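So the chains spell out like this:
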Amino acid sequence: MHDTPPPSVPDFTQWPSFPFEGDLRVKQLDEPVAVEPPRKGEGLRECIACNAPDDAYIWVGERWRVRAMDRPTGLPMVLILESRSHLDLGDLPNLLAAELGVMTVRLERAIRSLDGVARVHVNRWGDGSAHLHMWFLARPYGRLQLRGTFLSLWDSILPPISESQWRENLAHVAAWLAEFGGRPLAEPPRIQWQTPSSIAAQSSAEAAAAAAEEAVSVIESAEETPLPVMENEADLPTPPGAPADAAAEDTATGKAVAETRSNRAPGDDGILGDGLDRETDRDTDGQPTGVATHPEKPAGDHDTDPATSGPDGDAAGTTAADESAGTGEGNGDTVTRDTVRG
């Protein structure tokens, strides 16, 4: 009996956007499993998003939060939009489903307003976590080779952008979103006054440290990497030094989150979370902390959209989502895949 020959290499490996070249072969496809392993937030697995404090995010509203990777990657911006409630995409009630559309357009515009951004790719995979999270990936302007399917792969390959530019971009997006409600939590980088002789020395040291630090990108983010199939929950891997009963906890990121949101007194924001009290922030991703003080309205695309603005061009709740945003829908307490995405 002869083994079935592996399939031929598909045509897309010849596309200009495909990031690899040379001799390639297709992996042998594994047999399907009878039962898929639980995602984060399913079964006994802890939900990282539900336990993450607000200071882990760059912007927070009453029902939505936006977070970034824990350090710069190859693309100008990679952000994740999450619901506060522990719901997956198909579980959203009508209010949150309508708001998801508004928030998707709003966040896409905010990212596209950054200098050097041509397009924003919006993706949802959901194989790693049961808590709804939408990915927003910015394609650099003029980089035509990055168009299309393989942008998330290029994020792992390109050299990271500078941290100062990254933090400035985060603050810009957070300020843009705050114009419609919620609280911006990302701050721009602080100016560090130095003598000219010390600048060169520090730049060399920073470059060496950046080269030694392992890149964390969309593809490499543990939240979109499902665990291998286990016979039962007790077989889930336990981190070194952890007690035996911690086997079911989420250790994929290597940073188990023990904090929970506390002392939150949500207010009626009118539009997506304007009335939140100030909270301490962030989870395992280690995002910049602190609440920005009422930043000025960001420059960029000032086009108005009937779906998100009022008759005078202000941020008005003319959509069904915004009209219902103050109805007091409860806040539930409740990255990346190894496959090619379209």
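A brief structural summary.

Calculation notes
- Residues numbered from 1 in each chain as written.
- Predicted model: local features only at pLDDT ≥ 70, side-chain atom pairs only at ≥ 80, totals over all residues.
- Heavy atoms only, no water.
- Pairing = 2+ DSSP bridges.
- Helix = DSSP H or I, 4+ residues; strand = E, 2+ residues; numbered from the N terminus.
- Contact = heavy atoms within 4.5 Å.
- Axes fitted to C-alpha atoms, helices over the stretch in contact; angles between N-to-C directions.
- Phe/Tyr/Trp six-rings, centres within 6.5 Å; stacked < 30°, edge-to-face > 60°.
- Buried < 20%, exposed > 50% of the residue type's maximum accessible area, 1.4 Å probe, protein only.

Describing the sheet that holds strand β2 (residues 64-68)
Link 1 in the chain: Strand order in the open sheet made by the 6 strands is β4-β5-β3-β2-β1-β6, with antiparallel pairing throughout. Whereas interior strands pair on both sides, the edge strands pair on one side only; in this sheet they are β4 (117-123) and β6 (183-184).
Link 2 in the chain: Inspection of the sheet shows β4 paired to strand β5 (residues 133-140) by 6 bridges, in the antiparallel sense. If you follow V120 over to β5, its bridge partner there is A138.
Link 3 in the chain: Along the sheet face, helix α2 (residues 94-112) touches β1 (59-60), β2, β3 (78-83), β4 and β5 and points at about 155° away from the line of β4.

Some thoughts on the packing of aromatic side chains
Link 1 in the chain: The tally for this structure, following the rule as stated, stands at 7 aromatic pairs.
Link 2 in the chain: For the pair F12 and F150, a centre-to-centre distance of 5.7 Å together with 45° between the ring planes defines the contact as tilted. Remark: F150 occurs in the loop between β5 and α3 (151-157) and F12 occurs in the segment before α1 (48-51); sequence separation between them is 138 residues.
Link 3 in the chain: Here F12 falls in the partly exposed class, since its relative accessible area comes to 28%.
Link 4 in the chain: Seen in terms of ring centroids, F18 and F20 are 5.7 Å apart; in terms of plane orientation they differ by 75°. Their pairing is edge-to-face.
Link 5 in the chain: Take F18: its relative accessible area is 12%, and that puts it in the buried class.

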